Amino acid sequence: MYLAKETKSGIQQYQNGMSKSLSRKMLLEQYLHRAIENQELYLEYQPIIDVQTQQIIGLEALLRWKHPMLGHISPGEFIQIAEESELILNLSDWVLFTVCRQRQCWMEQGLPPFYISINVPARQIHQDHFIETIKRALNQYSLPADFLKIEITERTAMTNVEKTLSTMRELQEYGVDIILDDFGIGYSSISYLVQYPFNTIKIDKSFIQNLTHNANQKSVCRSLVAMGKNLGMNVVAEGVEEREQYHYLSSIGCDKMQGYYFSKPISNDLVEHFSRQSFVLQ
């Protein structure tokens, strides 16, 4: 019944294993309601590197969940469950305030002026009080607006276009930049770049994975980088895992990258060490 409600047709044929899958989903949703108050959630941060200066310019905050009995639960699993309910709003607000508090701590420690980006779902950015929530979090921790960036996907940008555009423009007037995440995999990428006030685009990792073995992928990446730069935007390549990928992206003018080649997502404790050092890139 629950799965049938999620389909457009309203019909779902029973399959073996469905009950088990649904039981886990319902169980995780129950546990997720208490995850914040039980302090089971935490953040990891993946560095974004300027390969010209070989320094960290930003961190992407990534939500993690460790349940006392079930252990680590994949973000791909629990975030989808949260997005199907009101839980995603609670989780998103928790991430926002946790990031601002942590960035204030790093600012007081004298760490370099890198930003932290957070992923914002459509349901959150379309809230009437979303902008006030952002301002409240920044003010509560006396944090400069340019230390926080908002990442949204093309799918989010497509939803309630008028409201999204209005919110983005007001955020940018306040000093909070907007990043277009997973760029290149949507259906109207070019029109978004022209219409929306994005400061940065992130080339989706699917274009990077087979880069060194696929001439077409190289051509697409070259075009995406050139397009972003010609529009005056910062361009970040996601999912850079190999030396050859790094070298090719550098050769076509992409000087900001993120991926396992530089660093996996790291804990709070490791950020101080990483942010104070230069990355020796070969």
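You'll find the structure just up there.
Let us look at the structure shown here. Bear in mind the structure is a predicted one, so any value in this text is a computation, not a measurement.

## Side note on the environment of Gln80
Relative to the helices and strands, Gln80 is located in helix α3 (residues 75-83). As a C-alpha pair, Gln80 and Lys25 span 55 residues in sequence and 9.9 Å in three-dimensional space.

## Here's the deal with helix α12 (residues 268-275)
Of all the positions in α12, only Val271, Phe274 and Ser275 are classed as buried. With its buried residues spanning 85° around the axis, α12 presents them on a single face. Against the buried residues of α12 lie β1 (41-50), β2 (55-67) and α4 (87-108).

## Description of the pairing of strand β6 (residues 177-183)
Within β6, five of the seven residues are buried, leaving the element largely enclosed by the surrounding structure. Looking at chain direction, strand β5 (residues 148-153) and β6 are connected through five bridges and run parallel. Across the sheet, Ile150 pairs through a bridge with Ile178, a residue of β6. The pairing of β6 with strand β7 (residues 200-203) spans three bridges and is classified as parallel. Note that in β7 the partner of Ile179 across the bridge is Thr200.

## Quick word on the pattern of salt bridges
Using the criterion set out here, one finds 11 salt bridges in the structure. Between Lys202 and Glu60 there is a salt bridge, with the nearest N and O atoms lying 3.0 Å from each other. Note that Lys202 is positioned in strand β7 and Glu60 in strand β2, a separation of 142 residues in sequence. The exposure classification of Lys202 matches that of Glu60, with both residues buried. As a salt-bridge pair, Asp255 and Lys256 come within 3.4 Å of each other at their nearest N and O atoms. Comparing Asp255 with Lys256 shows no difference in burial state: the two are buried. Among the ionic contacts, a cluster of salt bridges with common partners joins Glu60, Glu151, Lys202 and Glu238.

## A few points about the side chain of Arg64
Here Arg64 shows up in strand β2. Here Glu44 takes part through its side chain, which lies 3.1 Å from a polar atom of the side chain of Arg64. Excluding anything up to four places from it in sequence, Arg64 contacts Glu40, Leu41, Tyr42, Glu44, Pro75, Phe78 and Pro265.

## Looking at the side chain of Gln102
Note on placement: Gln102 falls in helix α4. Taking relative accessible area as the criterion, Gln102 reaches 14% and is therefore assigned buried. Side chain to side chain, Gln102 and Asn268 meet in a polar contact 3.0 Å long.

## Remarks on unusual backbone geometry
Here the phi dihedral of Gln39 falls at roughly 55°; this positive angle occurs in a residue that is not glycine. Relative to the assigned elements, Gln39 resides in the loop between α2 (18-35) and β1. Of note in this structure, Asn160 is not a glycine but carries a positive phi near 50°. With respect to the helices and strands, the residue Asn160 is situated in the loop between α7 (154-158) and α8 (161-174).

## Observations regarding the packing of aromatic side chains
In this structure the tally under the stated criterion is seven aromatic pairs. Taken together, a centroid distance of 5.2 Å and an interplanar angle of 80° make the contact between Tyr261 and Phe262 edge-to-face. Taking the relative accessible area as the measure of exposure, Phe262 reaches 8% and is therefore buried. An aromatic cluster of at least three residues, connected via ring pairs, comprises Tyr45, Trp106 and Phe114. Here the basic side chain of Lys149 rests over the ring of Tyr115, its NZ or CZ set 4.8 Å away from the ring centre. Its end group placed over the ring of Tyr248, Lys218 keeps NZ or CZ at 5.3 Å from the ring centre.

The rules behind these values
- Residues numbered from 1 in each chain as written.
- Predicted model: local features only at pLDDT ≥ 70, side-chain atom pairs only at ≥ 80, totals over all residues.
- Heavy atoms only, no water.
- Helix = DSSP H or I, 4+ residues; strand = E, 2+ residues; numbered from the N terminus.
- Buried < 20%, exposed > 50% of the residue type's maximum accessible area, 1.4 Å probe, protein only.
- Arc of directions from axis to C-beta.
- Contact = heavy atoms within 4.5 Å.
- Pairing = 2+ DSSP bridges.
- Salt bridge = Lys/Arg side-chain N within 4 Å of Asp/Glu carboxyl O.
- Polar contact = N/O pair within 3.5 Å; in protein donor to acceptor, adjacent residues only side chain to side chain.
- Phe/Tyr/Trp six-rings, centres within 6.5 Å; stacked < 30°, edge-to-face > 60°.
- Lys NZ or Arg CZ within 6 Å of the ring centre and 35° of its normal.

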